[in-house]
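# A structural walkthrough
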Amino acid sequence: AFSSLFLSSAHARWAKYEDAPAEIEFSTSDIVVDKEGKSEEVVEKQIKILNETGRNLFGVERVHFNENIEQVEILEAKTIVDGQEHIVPKEMIETKPLASEVRGFDQLFQILISYPHVGVGTKLYLKYKVKTLKQPLPNYFALKYSYGQGAYWKKASLKLKSELPFHMLVNDPH
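Fair warning: this is a prediction, and the values are worked out from it, not measured in the lab.

### A few points about the pattern of salt bridges
By the definition in use, this model includes nine salt bridges. The partner of Lys129 in a salt bridge is Glu40, with the nearest N and O atoms 3.9 Å apart. With Lys129 in strand 8 (residues 123-132) and Glu40 in strand 2 (residues 39-49), this residue pair connects regions lying 89 residues apart in the sequence. For Glu40, a relative accessible area of 33% corresponds to the partly exposed category. Between Arg55 and Glu52 there is a salt bridge, and its shortest N-O distance comes to 2.7 Å. Of this pair, Arg55 and Glu52 both sit in helix 1 (residues 52-58), separated by three residues, roughly a single helical turn. Because the salt bridges share partners, they merge into one network encompassing Glu76, Lys78 and Glu85.

### What to know about the side chain of Ser27
Within the secondary structure, Ser27 sits in strand 1 (residues 22-33). Not counting residues within four places of it along the chain, the set of residues in contact with Ser27 comprises Glu44, Lys45, Trp153, Lys155, Ala156 and Ser157.

### Thoughts on the packing of aromatic side chains
Inspection of every chain in the model, using the stated rule, returns four aromatic pairs. When the ring of Tyr17 is compared with that of Tyr152, the centres are 5.0 Å apart and the planes differ by 90°; the resulting orientation is edge-to-face. Highlighted residues: Tyr17 in the segment before strand 1 and Tyr152 in strand 9 (residues 152-153), separated in sequence by 135 residues. A relative accessible area of 36% means that Tyr152 is categorised as partly exposed.

### Re the nonpolar core
Ranked by size, the top nonpolar core spans 21 residues in total, and within it Phe58, Val63, Val72, Ile113, Tyr115, Leu126 and Tyr128 carry the most contacts. When residues of this core are traced back to their parent elements, those giving at least two are strand 1, strand 2, strand 3 (60-66), strand 4 (70-81), strand 7 (108-114) and strand 8. With four residues, the single largest contributor to this core is strand 8. Ignoring any residue separated from it by four or fewer positions in sequence, one finds Ile113 in contact with Gly59, Val60, Glu61, Val63, Ile74, Ala77, Val88, Met92, Ile93 and Leu126.

### Section: a nonpolar patch on the surface
A cluster of nonpolar side chains, Leu143, Tyr145, Tyr147, Leu158, Leu160, Phe166 and Met168, forms an exposed patch at the surface whose accessible area comes to about 650 Å². Assessed through its relative accessible area of 40%, Tyr147 is described here as partly exposed.

### Details of the environment of Ala22
In this fold, Ala22 is placed in strand 1. For the pair formed by Ala22 and Tyr152, sequence separation is 130 residues and the distance between their alpha carbons is 6.3 Å. Once you skip the residues sitting within four places of it in the chain, Ala22 turns out to touch Ile47, Lys48, Ile49, Leu50, Phe58, Ala151 and Tyr152.

### Observations regarding the pairing of strand 7
The buried fraction of strand 7 amounts to five of the seven residues, a majority that puts the element mostly inside the structure. Pairing between strand 3 and strand 7: seven bridges, direction antiparallel. Directly across from Phe65, in strand 7, lies its bridge partner Phe109. Bridge count for strand 6 (residues 93-97) against strand 7 is five bridges, and the pairing is antiparallel. For Pro97, the partnering residue across the bridge sits in strand 7 and is Phe109.

### Quick notes on the pairing of strand 2
Pairing geometry for strand 1 and strand 2, over eleven bridges, is antiparallel. Residue Ser29 lies in a different strand from strand 2, and its bridge partner there is Val43. Counting the residues between successive antiparallel strands, the hairpin from strand 1 to strand 2 contains five residues, one of them, Gly37, with a positive phi of roughly 95°. As paired elements, strand 2 and strand 8 share ten bridges and run antiparallel to each other. For Val42, the partnering residue across the bridge sits in strand 8 and is Lys129.

Cut-offs and rules
Residues numbered from 1 in each chain as written. Predicted model: local features only at pLDDT ≥ 70, side-chain atom pairs only at ≥ 80, totals over all residues. Heavy atoms only, no water. Salt bridge = Lys/Arg side-chain N within 4 Å of Asp/Glu carboxyl O. Helix = DSSP H or I, 4+ residues; strand = E, 2+ residues; numbered from the N terminus. Buried < 20%, exposed > 50% of the residue type's maximum accessible area, 1.4 Å probe, protein only. Contact = heavy atoms within 4.5 Å. Phe/Tyr/Trp six-rings, centres within 6.5 Å; stacked < 30°, edge-to-face > 60°. Core = buried A, V, L, I, M, F, W, Y, C linked by side-chain atoms within 4.5 Å. Patch = residues over 30% accessible without salt bridge, like charges linked within 9 Å, V, L, I, M, F, W, Y side chains within 5 Å. Areas by Shrake-Rupley, 256 points an atom, 1.4 Å probe, with all protein chains shown as cover. Pairing = 2+ DSSP bridges.

Right, dumping it as structure tokens:
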């Protein structure tokens, strides 16, 4: 019987800026929470497309929300090419239902924003408001943010004002 053993080595490195598909030039979230846990959040961000992968990944923005408890309003969406702004037309912003969760009764939706004139070097700007009209539990508010996935994050900020006391957990296993 013939047996062979193939050994190979693999080399890995941390990703560099040049590897990123896009750069989050800034991302801000301003959140106000009332004493019942209802909230209003204004999100504003600008993304610079660095390569073709970034164009494919970020050319269509998706904003997800639970229609049973939230309302989302797109305040401004535009593409910036060489300093010239191209507003996303209303017909290029579409709200669609997603398949419902098997375990619950929520109706999940997504807003699709198709940016015009997206290419390498293009900047994509989005500003929207999320109102949470009710919470599943009394006096409840939960927030989860994750940074650094899928792009290079240059600047991000989260401003939170709450009438509810918070219990916080920050986790960064890496």
